[in-house]
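Chain by chain, the residues run as shown.
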Amino acid sequence: MDHRFQVSLRGVIDLLSHHLYSSPGVYVRELLQNATDAIRARQLLEPGHAGTVRLELMEKQDGSPPTLLFTDDGVGLTEDEIHRFLATIGESSKREALEARRNDFIGQFGIGLLSCFMVCDELLVVTRSARGDGRTLEWRGRHDGTYAVRASEHPLAQPGTQVFLVARPDMAHWFTATRLRNLASHYGGLLPFPIHLTTGQGTERLDTSGAPWRREYDSASERRKALLAYGRELFDTDFVDCIPLRSTAGDVDGVAYVLPASPHFNSRQKHRVYLKHMLLSESAENLLPDWAFFVKCVVNANALRPTASRESFYEDDALAAARESLGQSLRGYLMELAREDPRALQRLIALHGLSVKALALDDDDFYRLIIHWLPFETSMGMMTLADYRRAHPVVRYTSTLDGFRQIAQVAGAQGLCIINAAYTHDTSLLEKLPHAVPDVQVEPFSSADLPQSFDELTLDEREATFPLLRMAESVLAPFRCGAVVKKFYPAEVPTLYSSDAEGAFRRDAERAREESDDLYAGVLDSVMAASGSEPAQLCFNLHNPVVRRLAAVADRDMLKLSVEMLYVQALLLGHHPLNAQEMVLLNQGLLGLISAQLGGDGGRGGEGSGGAGPRGLH
Amino acid sequence: MSGDWREQVESLFAQADGLADGESKVRLLEEAVRLADTHKDVGMGYRMRDALIDAATFGGFPDKALVAFAWCRGQQKKDPKRFDPEEMFWKQKWVVGRIKEFPHITRKQIQDALDDVEQCFKATDSGVRAVLKMRYQAAREMGDAAEEVERLWNAWLETRRDHLTDCRVCELDDELDHHADKGEWQQVLRKAKPILDGRKSCAEIPHLTLGTVLYPLFKLGELEHAREIHRRGYAMVTKNREFLSTVGEHMEFLALTDNLSRGLTLLEKHLGWALDHPSYRDRFTFYAAAAFLLERVLAAGDRDVVSLRLPKTFPNHQADGGYDVRALHAWTLGQARDIANRFDTRNGTDRFAKLLARNQVLAGEVRPFPIEKRDQ
């Protein structure tokens, strides 16, 4: 008797192949999943039943498409169950329905079979239930939606299920010995029972030997060696270390491998995950907490829900709990390194500092344990926070790279040790320090703080440099910049330009304003009027020979020109782009200096030959 | 020499590309821009600003996005062949869509910037719907007459979508505000359902939505659902200052449900963002919620001082971490009131004063509901 499906099977197959599955090859996974479920169900009835799966590829001499026979000795189906799985197929046209039915044995069986229609037009299922009356039934279904159920003329000797697939001509390449071997090992490599593959070349047993992390090893180092070798084989990477993973939530276990290089932030690690020992996905992303991007994992989960596509886990409370406890496994590993093998921890930090820092920000205990091992760039070279604090009672840092550049050279020469905390998380980590460790002083530092460490002038020097200072003040006032004269090291640095972060932003806005028409010029004026930046400051260094000589120059034009040029030079050294007005200074100043050289004798700016503009041309 | 700085710019760009949205990324790109400008390389300056606008927009620095865009817009006007305005239409939308959040920008400047967008879009015969949505949002946020806001709302939704329209999910999220304004709580939830179920998402959705629906859920008494939304939503916004106002919504929810300790944890964790946040609208939402929270702590009446780890940049920072609740309340309320005044003065309306007055209504609605699962 022929029946008809209640739905257009075409639509369902289309849904599966175009929207759900990433490749037609998953039909092997789905059949293996069905076989696994069936064997597990039979083991519940008959403890001790070992279970075997057989794949037999029958290639035709005449070149017509091959047939695959897929056999398991699992629990089999009763007639009633056959009708139930057919009902599932009927309901399967919606993704949500698929997802729900995945979780029961029969539902999964039906959906699994549907995936076969991606590679063949006709399916024959022959089955005998371990729970039924001993009859063997067969179901023959076609992609057009017709099917027939009848008692089989070829009864099976034992309970189990056989699925016959005749390859569709355009899909015959999914039915070669190599493909089948690869696909079956790929998806079923962790299964705790054998898979036999029979082809024209004979019968072979595929390597399915259970999860290597559950095996017994002679020693810890043997274990480590074996697991690292397994990792290399899976991911084609030489990992630095392996970390056991375990979570009661979701019943998850496996191994996390420490990557040999820092991963790119955006490339979230793709993990290899098995569900009840069947490969679910090689690119699961939602398994670990965000901070843990320094490892790549292989795990098996027995109690997490797969998504409809069976290619990742469904985001629910169980997964959240599992993620939390896998994170704890990794955290435990890092804590142990910090206690037992700080050198290894430091190597790990060198590679994966970002992960370690991200965790430390969220986790106070972990923070206290590792913060002093973290290396920081300072104005006196790289050092760990422990070394830093040994030599410097107050922790000082700049939170921008620009800010650090402006001060690093001078601070270093002045014996000031300042941390460059511009790298991700560093500022937050340092600001957390006083809350985690009692009695530590932590202070932000900027170029504006530097002059406080500089030596004041003597009274004589003060008098001698006064004309220079007055000139500098009047030259720099239009640029919102003040002037001071002090003494600092290194002596080669003639001036230091300092401004706060707001000041740099203000300069950005000024440049944008120069490029803008009425509309945005007005908007930017408002932005600048609202910005609360302190005026910048140019600090002259009296230790510098040029500045010393400049203080003695009597020619006011020469003095003005020199101050302007020192100002522009200080800006450029500090990577501050020049605005239009400052560009004018630079251009006129260069011309002025050249004309001073040409017009004056021996380069001493005398008789009004120095100065800006066309004066040299008269 | 010249190859040297170019490599440096590229390396800053690559570093920034490897970072999540946030301050570090913005700082790196600012530096790349400055380096390009130092060497007067307009093309490079344009390209780096192009990336900076994105990073600043999605990292909580709309003022920096504005300055970078203004520079680019200047280049486009000078040389539209080389710097095609069309390629920056989306960024222009982001930037202009937010300038109303700066109280120092005048109404006229906001209107002019919107007109500029309209002119630009018109030149390519597209973007009508996008502009109408921006006009609706500007009118709504500046507290314009209800009929005008309603007219723009209808005009927006009646206009045909095109390639300059925000994605359906973002538009859906924006529609929610309209219903929340009118107290149509059921409607908010009905429309938000596909987002809440996780079937639809975008760069900042559901992050924003999960904050928007808290009060509607609270009003409808769906407290368990609200608790789940709070847990899920707060985790998504805790790392990016772009979501300051959403953090405010979570804080308000915690105060409404009498989870005061949890609320104070949010206050101490995010006050640093509010102190120097460029969006005064976001600051306002945060401070108003903080004031409500502290008012609840005062109302509980059992303590005058709370221990908080507030950032050093807080003007009344206490080294020992002990803060007088009354003083802290007065300070946050003062901040919210100042901002409200500035906006209302600029807008010539009283919307922000009304928003602040809402705190008194909330005080009468408090309904304790524990967020922590109590130990049995």
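Keep in mind it's a predicted model, so treat the numbers as computed, not measured. (Residues numbered from 1 in each chain as written. Chains lettered and ligands numbered in written order. Predicted model: local features only at pLDDT ≥ 70, side-chain atom pairs only at ≥ 80, totals over all residues. Heavy atoms only, no water.)

Asker: What is the right way to read the overall build of chain B from this model?
Answerer: When helices and strands are tallied, chain B shows 18 helices and 2 strands. For 376 residues, the compact-globule estimate of 2.2 N^0.38 gives 21 Å, and chain B sits close to it at 22 Å. The dimensions of chain B, computed from C-alpha atoms along their principal axes, are 65 × 50 × 40 Å. Looking at chain B as a whole, 58% of its 376 residues qualify as buried. Counted over contacts in chain B with a minimum sequence separation of 6, partners at least 24 positions apart contribute 67%. Within the structure as shown, chain B displays about 16,000 Å² of accessible surface, and the carbon and sulfur contribution to it stands at 49%. Each charge sign in chain B was given a centre, from 58 positive and 61 negative side chains, and these centres are 1 Å apart. (Helix = DSSP H or I, 4+ residues; strand = E, 2+ residues; numbered from the N terminus. Rg over C-alpha atoms; globule rule 2.2 N^0.38 Å. Buried < 20%, exposed > 50% of the residue type's maximum accessible area, 1.4 Å probe, protein only. Contact = heavy atoms within 4.5 Å. Areas by Shrake-Rupley, 256 points an atom, 1.4 Å probe, with all protein chains shown as cover. Lys, Arg positive; Asp, Glu negative; His and termini not counted. Charge placed at Lys NZ, Arg CZ, Asp CG, Glu CD.)

Asker: When you look at the sheet that holds strand β14 (residues 295–301) of chain A in this model, what are you seeing that I'm missing?
Answerer: Whether parallel or antiparallel, the strands of a sheet pair through hydrogen bonds between backbone atoms. Residues and elements named next belong to chain A. Taken together, the 5 strands give an open sheet; going across it, the order is β10-β11-β14-β12-β13, and neighbouring strands pair in mixed fashion. Because the sheet does not close on itself, it has two edges, and the strands there are β10 (241–247) and β13 (278–284). Across the sheet, the mean angle separating the axes of adjacent strands is 15 degrees when strand polarity is ignored. The pairing of strand β12 (residues 271–275) with β13 spans 4 bridges and is antiparallel. Bridged to Val 273 within β13 is Ser 281. Sitting on the sheet, helix α6 (residues 177–188) is in contact with β12 and β13, with an inclination near 85 degrees to β13. (Pairing = 2+ DSSP bridges. Axes fitted to C-alpha atoms, helices over the stretch in contact; angles between N-to-C directions.)

Asker: Would you explain the interface of chain B and chain A in this entry?
Answerer: Bring the parts together and some accessible area is lost; that lost area is often taken as the interface size. Each side of the interface is counted separately: chain B has 41 residues, and chain A has 38 residues. Summing the contributions of chain B and of chain A, the shared interface buries around 3,400 Å²; its carbon and sulfur component is 57%. A:Asp508 is the salt-bridge partner of B:Arg34, the closest N and O atoms lying 2.7 Å from each other. When residues in the side of chain B that touches chain A are grouped by element, the largest group, 12 residues, is from helix α4 (residues 62–78) of chain B. Per-class residue counts for the side of chain B that touches chain A are 14 nonpolar, 8 polar and 19 charged. (Buried area = accessible area lost by both parts, 1.4 Å probe. Salt bridge = Lys/Arg side-chain N within 4 Å of Asp/Glu carboxyl O. Nonpolar A, V, L, I, M, F, W, Y, C, P; charged D, E, K, R; others polar.)

Asker: Would you take a moment to explain the environment of B:Gln15 for this structure?
Answerer: Relative to the assigned elements, B:Gln15 resides in helix α1 (residues 2–17). In the structure, B:Gln15 is positioned 229 residues away from B:Leu244 in sequence and 25 Å away in space, judged by C-alpha atoms.

Asker: Honestly, the pairing of strand β6 (residues 146–151) of chain A in this entry has me stumped. Any pointers?
Answerer: Along any regular strand the residues' side chains alternate between the sheet's two faces. All names here are of chain A. Taken together, the 5 bridges between strand β5 (residues 136–142) and β6 define a ladder with antiparallel strand orientation. Each residue of the ladder has a partner; that of Arg 140, found in β6, is Ala 148. Hairpin connection of β5 to β6: 3 residues between the antiparallel strands, including Gly 145 at a positive phi of 105 degrees.

Asker: Mind showing me how you'd approach the sheet that holds strand β20 (residues 481–486) of chain A here?
Answerer: All names here are of chain A. Pairing is mixed across the open sheet formed by 3 strands, whose spatial order is β20-β22-β21. Both outer strands of the open sheet, β20 and β21 (495–498), are each paired with one neighbouring strand and no more. Averaged over all adjacent pairs, the angle separating strand axes in this sheet is 20 degrees, with direction ignored. Direction of pairing for β20 relative to strand β22 (residues 536–541): parallel, over a ladder of 6 bridges.

Asker: Got a minute to help me understand the nonpolar core in this structure?
Answerer: Generally speaking, a soluble globular protein has its nonpolar side chains buried in company with each other. All names here are of chain B. In terms of nonpolar packing, the biggest core is built from 63 residues, with Leu 267, Phe 286 and Tyr 287 touching the most fellow members. Residue assignment for this core shows that the elements contributing at least two residues are α10 (185–196), α12 (214–219), α13 (223–237), α14 (244–256), α15 (260–275), α16 (280–300), α17 (325–347) and α18 (351–363). A per-element tally of this core places α16 first, with 12 residues. Setting aside its immediate chain neighbours within four residues, Tyr 287 contacts Leu 271, Ala 274, Leu 275, Trp 331, Thr 332, Gln 335, Ala 336 and Ile 339. (Core = buried A, V, L, I, M, F, W, Y, C linked by side-chain atoms within 4.5 Å.)

Asker: Sorry, what's going on with unusual backbone geometry here?
Answerer: Most peptide bonds take the trans form, and the phi angle of most residues other than glycine is negative. The omega torsion across A:Tyr489 and A:Pro490 is 0 degrees, close enough to zero to call that bond cis. Secondary-structure assignment places A:Pro490 in the loop between β20 and β21. In this chain, B:Ile205 is followed by B:Pro206 through a cis amide linkage whose omega measures 15 degrees. Here B:Pro206 lies in the loop between α10 and α11 (207–212). The phi dihedral of A:Asp251 is positive, around 50 degrees, even though this residue is not glycine. Secondary-structure assignment places A:Asp251 in the loop between β10 and β11 (252–258). Classification of A:Asp251 by relative accessible area gives partly exposed; the value is 31%. Of note in the backbone geometry, A:His425 takes a positive phi value of approximately 75 degrees without being a glycine.

Treat this as a map of the structure, not an account of what it does.
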